[in-house]
Amino acid sequence: MTSSSNSPHAPHKRRPLRKIIAYSAASLVGGILLLAAFWQWDWFVPFVNRTATTTLHRPVHIAHLHVSPGLKTSVTVEDLHIGQPEGFEHEKQDFASAQSLTVKFDIWRYLTKQGLFIPVIRVDTPQGDIVSLMNGQNNYSFKSSPSQRTSPSASPTTALPHFNEITIHHADIRIALAKLKTDMHLRIHTTEPDGKTPGSITLDLNGRYASAPITGHLVGGALLSLASHTTPYPIDGKLENGPTYITLRGTVDDPTAFKGTHLALHFAGPDMALLYALTGVPIPHTPAYNVTGNLGYSQSSIRFEQFEGRMGSSDIGGDIHVDPHQKPIYVESHLHSRNVDLADLGGFIGAKTGTAPPAPKNSTAILPTDKIDVPKLNAANALLTYHGNHIENKNWPLDNIDTAFTVHNGAITLDHLTFATATGHISAAAKLDPATAQQFHTHVQLDVSRLPLSRIMKPSSMFQGQGTIGGHVTLTSTGNSVATLVANGNGGITLVLDRGGNITALLPDLLGLKLGAAVLSALGIPDRSKLDCLVADMPLENGILKTRSLLLQTGTTRTTGNGSINFRNDTLDYAMTTRAVHPQILSLPGAIHISGPIASPTVLPGAELVGRVAATIGLGILFPPAALLPTIQFGVGEGSACEQALSKADNHPAAGIAPGTTTSPAPKHAQHMRHKHHS
């Protein structure tokens, strides 16, 4: 029997199978060709839109999708629109949009584990809308999906993708931040190297920042050269925010690795306090300034070093280091001046300088009323040291100034503020701790030691002699400005002046020319009276400065004072009485009353002085020689009034600290120990 495999009809049975395979292969090839001919990547657009919308929690729409597969795959989306998230539907434009976005991937490098390489990123006419509301809600925070919240965080050492070309054509990004009172546009455009010119990125800024107009223009090197380890990255920019003007020029070495900088930073404007909006660092009000220095940075700090310039009439220089990683940021400043006008430093105690608002025209305040800004103090912790080699001031020609203070969690500690002059000095220390309702618990101590009167007087040909001032001032209070701290304060003043020279020159300068002259005239103190002593021991109780002792003795008269000065309403009610030391004729001293606003008080004669004048006139009419009788004073005698007043001030000083030997020479070691004790 012959098997079927040897049958002559077997080949005919295999022919239909071959035909089926051939037809199937042909159909498959034909189908592929047809699919290739009619394939559209836009078929995936709905899927891309749905996936992106779910991922970004914002409506996403692309009109077209193009993919060029290969070892270097290119993906392009056209007419991209990313809508606003929930709560921001009222915004007039999309959160982000672009006419086209192209990204190329090097698939081969990725498959061979050489990292993610993106040869090209190209964005045409991108627009953005960055918004933050007053309540803190913003449209640029992205919600994470449940899988993202449960998955472990990415490794901090994950390598960044490698880029070869990043091109941005005519970007326009609006930035609106309600808390910063900001609404501005940032426009970005890049150019690529063409063999003749290097590539660049240009940023233009305009709009409003911190309620003030802002414009800016910055040109940097090619965007990708930011990652260069060998070629310094060039920067040339300027910024104007209101009246503040800033320029920045130079290069940065390996910016992504913080290797170093060669940047010149220039600041100019009417008031350094206006820099707070740009830097986040609180600075007191200052007069107009103009400074230039070197800007540097590292991973740990930003540095503005070796800067020099002008601030008002003073020169200013030094170094500032900022650590932005601490919360709040930490600022360390070491400043110096060769010549300084004390008026330029008034903003540090709340006086009116720079753009600080002027006091109301009808204000009678004589002390600075600017409030200490607690939120600004909480914005940064700071250490500041300052030394002025020479003080130039028409009222206080002291030798130099040296100070150091810290701000920590809103508390201010003035370690020392020292003015030196000839053989003496004025030194202050203070501590201000934040209290409720933006108030400060405050303790202040001012020490005056062997201060030569001739050095603090205005230049005057009338002044003669050499006198020294010494004593102490203390204040404990709660408030939010110099004025309120004194108005609410307790403490006292104990000051002593001996061998004072010419009283006629002294009082007009110390009390003000108009008031001093009026007081001298009313008291009947003769010209060029030699001053033997001046003792003022005055306690401060709840903002009212009272008088425990006030004695002014000249070679011919002795004047005592009694009354109070009310810093709650800046008024005074004071009486001063003058008696002759020796018997005198043709003298009409007596009591005078000084009252009203401290800034412009009224000086009136007392009842005794009025009576003497009336008696003189009356007797002069009846019998002219008798008119001399009311002008005769028999004198109170020289006695030891100065010594007694000094003894009382030493035993029970209103300031709580005895003046001791602060007006007389003392060994250097004793001066040091006494100053240390008082501190």
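Up top is the structure.
On to the overall build of the protein. When you go through the protein residue by residue, the secondary structure sums to 13 helices and 32 strands. The proportion of buried residues among the 679 residues of the protein is 40%. When contacts within the protein are restricted to residue pairs at least 6 apart in sequence, those whose partners lie at least 24 apart make up 49%. Summing over all exposed atoms, the protein offers an accessible surface of approximately 36,900 Å²; the carbon and sulfur share of this is 62%.

Okay, unusual backbone geometry next. For the bond running from K327 to P328, omega is -5°, close enough to zero to count as cis. Counting through the fold element by element, P328 comes out in the loop between β17 (314-323) and β18 (329-340). In the Ramachandran plot, D79 falls in the positive-phi region, its phi being about 55° despite a non-glycine side chain. Residue class for D79 comes out partly exposed when judged on its relative accessible area of 35%. The backbone phi angle of T125 is positive, close to 50°, even though this residue is not glycine. Checked against the element boundaries, T125 lands in the loop between β5 (117-124) and β6 (127-132).

Once that is clear, we can look at the environment of A536. Mapped onto the elements of the fold, A536 is located in strand β26 (residues 530-541). The sequence separation of A536 and S549 amounts to 13 residues, and the corresponding C-alpha distance is 5.8 Å. When near neighbours in sequence (up to four residues on either side) are disregarded, A536 contacts I493, T494, L495, S549 and L550.

Turning next to the environment of D183. Inspection of the secondary structure assignment puts D183 in strand β9 (residues 182-191). Relative accessible area serves as the criterion here: at 35%, D183 is assigned to the partly exposed category. Sequence separation between D183 and R208 is 25 residues; the distance between their C-alpha atoms is 5.3 Å. Engagement of the side chain of D183 in a polar contact is seen with the side chain of R174, the distance being 3.1 Å.

Mapping N566 onto the fold places it in strand β29 (residues 557-566). The exposure class of N566 is buried, given its relative accessible area of 17%. The residues contacting N566, other than those within four sequence positions of it, are G543, I544, T571 and I598.

The next thing to look at is the packing of aromatic side chains. The final tally for this structure, using the stated rule, is four aromatic pairs. Between W41 and F44, the ring centres sit 5.7 Å apart and the planes meet at 35°, which makes this aromatic pair tilted. Looking at F44, the relative accessible area reads 34%, which means it is partly exposed. For the pair F95 and F142, a centre-to-centre distance of 6.0 Å together with 75° between the ring planes defines the contact as edge-to-face. Taken together, the positions of F95 in the loop between β3 (72-82) and β4 (96-106) and F142 in the loop between β6 and α4 (146-150) put the pair 47 residues apart, joining distant regions of the chain. By relative accessible area, which is 11% here, F95 ends up buried. The structure contains a cluster of three or more aromatic residues connected by ring pairs, namely F267, F304 and F307. Lying over the aromatic face of F95, R58 brings its terminal NZ or CZ to 4.9 Å of the ring centre. The ring of F142 has R58 sitting right over it, with the charged end atom 4.0 Å from the ring centre.

Here we come to the environment of A658. Locating A658 in the fold gives a position in the loop between α12 (641-651) and α13 (668-678). A658 sits in the partly exposed class, given a relative accessible area of 29%. Along the primary structure A658 and K648 are separated by 10 residues, whereas in three dimensions their C-alpha atoms are 9.5 Å apart. Excluding residues within four positions of it along the chain, A658 makes contact with H472, A649, D650 and P653.

Counting 71 residues, the largest nonpolar core has L265, F267, I316, Y386, I401 and F567 as the members making the most contacts within it. Broken down by element, this core gets its largest block of residues, five residues, from β26. Excluding residues within four positions of it along the chain, F267 makes contact with Y245, I246, L275, Y289, N290, V291 and F304. In this structure, I62, V67, V77 and L80 belong to the second largest nonpolar core, which totals nine residues.

So, on to helix α2 (residues 45-56). Between its first and last C-alpha, α2 extends 16 Å over 12 residues, near the 16 Å set by a 1.5 Å rise per residue. Immediately downstream of α2, the backbone of H57 shows phi near 55°, a positive value.

Bringing a nonpolar patch on the surface into the picture now. Taken together, the side chains of I107, Y110, L111 and L116 define a hydrophobic patch exposed on the protein surface, amounting to about 380 Å² of accessible area. Structurally, the position occupied by Y110 is in helix α3 (residues 107-111). Exposure remark for Y110: the relative accessible area of 54% places this residue in the exposed category.

Quick look at the side chain of D447 now. Counting through the fold element by element, D447 comes out in strand β23 (residues 440-452). Residue classification places D447 among the buried positions, given a relative accessible area of 6%. For D447, the side chain forms a polar contact with the side chain of H472, separated by 2.7 Å.

It is worth spelling out the pairing of strand β20 (residues 400-408) at this point. In this sheet, β20 lies alongside strand β19 (residues 380-391) in antiparallel orientation, the contact comprising seven bridges. Looking at the pairing, Y386 lines up with T403 of β20. Sheet topology places β20 next to strand β21 (residues 411-421); nine bridges connect them, and they run antiparallel. When the sheet's bridge partners are listed, N400 is paired in β21 with A420.

Here the focus is the pattern of salt bridges. In total, this model carries 10 salt bridges according to the counting rule given. We note a salt bridge from R249 to D236, for which the minimum N-O separation is 3.2 Å. Here D236 lies in strand β12 (residues 233-241) and R249 lies in strand β13 (residues 244-253), a separation of 13 residues in the sequence. For D236, a relative accessible area of 38% corresponds to the partly exposed category. The partner of E305 in a salt bridge is R303, with the nearest N and O atoms 3.7 Å apart.

What counts and what doesn't
- Residues numbered from 1 in each chain as written.
- Predicted model: local features only at pLDDT ≥ 70, side-chain atom pairs only at ≥ 80, totals over all residues.
- Heavy atoms only, no water.
- Helix = DSSP H or I, 4+ residues; strand = E, 2+ residues; numbered from the N terminus.
- Buried < 20%, exposed > 50% of the residue type's maximum accessible area, 1.4 Å probe, protein only.
- Contact = heavy atoms within 4.5 Å.
- Areas by Shrake-Rupley, 256 points an atom, 1.4 Å probe, with all protein chains shown as cover.
- Polar contact = N/O pair within 3.5 Å; in protein donor to acceptor, adjacent residues only side chain to side chain.
- Phe/Tyr/Trp six-rings, centres within 6.5 Å; stacked < 30°, edge-to-face > 60°.
- Lys NZ or Arg CZ within 6 Å of the ring centre and 35° of its normal.
- Core = buried A, V, L, I, M, F, W, Y, C linked by side-chain atoms within 4.5 Å.
- Expected span 1.5 Å × (residues − 1).
- Patch = residues over 30% accessible without salt bridge, like charges linked within 9 Å, V, L, I, M, F, W, Y side chains within 5 Å.
- Salt bridge = Lys/Arg side-chain N within 4 Å of Asp/Glu carboxyl O.
- Pairing = 2+ DSSP bridges.

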